[in-house]
Amino acid sequence: MSADQNGNKYKRILLKLSGEELLGNRNLGIDPKILDNIALEMGQLVGIGVQIGIVIGGGNLFRGSALSAAGMDRITGDHMGMLATLMNAMAVRDALERKNISTQLMSSVPMAGVVEPYDRRKAMRHLKQGEIVLFAGGTGNPLFTTDSAACLRGIEIDADIVLKATKVDGVYTADPLQDPDAKFFRTLTYDQIIEQKLSVMDLTAICLCREHHMPVGVFKMSKSGALLRVIMGAAEGTIIRPG
């Protein structure tokens with residue numbers, strides 16, 4: 001893909017933020033300073049013409065997997081997790097709007113009077129008008145992760161790339177926080193991820209992206225300037241492409 005008139009390699013992105021990204025130094029909930037930092041970065045990207053869709057997880061508020069292991073019905077837990085993503089998305093929307101960044105919030109889980117239901121055509125129009133679109137509620141179905149939701153929305157809005165923000169600066173052979181000898185990958189293919197069983201996204205998300213030829217970038221959100229460098233096409237994080 002050729003760069004646009006602003007020198008950006010990617011004109012439209014789908015950014016996947018985990019709920020844990022909103023924790024900051026807290027054990028639970030949302031750190032207002034993290035919201036402000038996210039708003040500043042998003043404002044910078046909007047200012048250089050990048051169209052942004054965002055999918056947010058809910059792990060900072062609720063983790064259904066832990067309660068499922070303790071006996072809670074899995075479907076109930078997943079539905080509760082969807083509501084947690086909506087709470088996070090509303091917090092991010094508020095932070096963006098306080099910075100005068102035009103934002104639309106859509107949810108796969110209907111909640112009349114609180115949030116607009118997800119509509120692909122409306123989302124595309126908002127993106128083309130330079131508004132940030134937040135997608136909450138995951139896919140709207142239990143048993144699917146927000147990684148799968150991010151890849152699905154990225155494909156639906158015809159994003160140039162799905163960018164996954166993590167706590168490490170890319171994909172490694174093992175968790176670099178636990179294994180100092182873990183090897184870093186600058187580039188990967190989907191087949192390599194599957195063959196080597198690398199922990200990037202769940203298999204559903206990976207297969208979706210592979211089938212639809214959607215590249216994925218993995219980078220460290222808390223690293224200053226990392227997201228902008230990815231957008232500009234600099235060597236930052238790990239880029240995953242079809243083989």
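Everything below is about the structure shown above.
Calculation notes
Residues numbered from 1 in each chain as written. Predicted model: local features only at pLDDT ≥ 70, side-chain atom pairs only at ≥ 80, totals over all residues. Heavy atoms only, no water. Disulfide = S-S within 2.5 Å. Buried < 20%, exposed > 50% of the residue type's maximum accessible area, 1.4 Å probe, protein only. Helix = DSSP H or I, 4+ residues; strand = E, 2+ residues; numbered from the N terminus. Expected span 1.5 Å × (residues − 1). Salt bridge = Lys/Arg side-chain N within 4 Å of Asp/Glu carboxyl O. Pairing = 2+ DSSP bridges. Phe/Tyr/Trp six-rings, centres within 6.5 Å; stacked < 30°, edge-to-face > 60°. Lys NZ or Arg CZ within 6 Å of the ring centre and 35° of its normal. Core = buried A, V, L, I, M, F, W, Y, C linked by side-chain atoms within 4.5 Å.

A. Looking closely at the state of the cysteines. Following the criterion strictly, the structure yields 0 disulfides and no others. With no disulfide of its own, C207 lies closest to C209 among cysteine sulfurs, the gap being 9.6 Å. Looking at C207, the relative accessible area reads 29%, which means it is partly exposed.

B. Looking closely at helix α3 (residues 74–98). Over its 25 residues, α3 extends 37 Å from the first C-alpha to the last, a length consistent with the 36 Å expected when each residue adds 1.5 Å. Of the residues one or two after α3, N100 is the one with positive phi, at around 60°.

C. Structural detail: unusual backbone geometry. We note that K197 has phi near 55°; this positive angle belongs to a residue other than glycine. With respect to the helices, strands and loops of the structure, K197 is situated in the loop between α6 (190–196) and α7 (203–211). For K197, a relative accessible area of 73% gives the class exposed.

D. Spotlight on the pattern of salt bridges. As enumerated under the stated definition, the model contains 10 salt bridges in all. A salt bridge links E236 to R229; its shortest N-O distance comes to 2.8 Å. What emerges from the salt-bridge pattern is a single network uniting K16, D147 and K164.

E. Here's a closer look at the pairing of strand β2 (residues 51–56). The element β2 is largely enclosed, with a buried count of 6 among its 6 residues. Residues Q51, G53 and V55 of β2 are buried on one face, and the alternating residues I52, I54 and I56, pointing to the opposite face, are buried as well. Summarising the sheet, strand β1 (residues 12–17) and β2 pair through 6 bridges and their orientation is parallel. Counted as the bridge partner of L17 is I56 from β2. When β2 meets strand β5 (residues 132–136), the two strands line up parallel, connected through 3 bridges. Bridged to I54 within β5 is L134.

F. How the structure looks around the packing of aromatic side chains. This model, assessed by the stated rule, comprises 2 aromatic pairs. Lying over the aromatic face of Y118, R153 brings its terminal NZ or CZ to 3.9 Å of the ring centre.

G. A look at the nonpolar core. Core analysis: the largest hydrophobic core is formed by 36 residues, its most contacted members being I13, M42, I54, L163, F219 and L227. When contributions to this core are tallied by element, the ones reaching two or more residues are β1, α1 (32–47), β2, α3, β5, β6 (161–166) and α8 (226–232). Here this core gets 6 residues from one element, more than from any other, and that element is α3. One finds L14, V171, V216 and V218 within the second-largest nonpolar core, a separate group that totals 29 residues.

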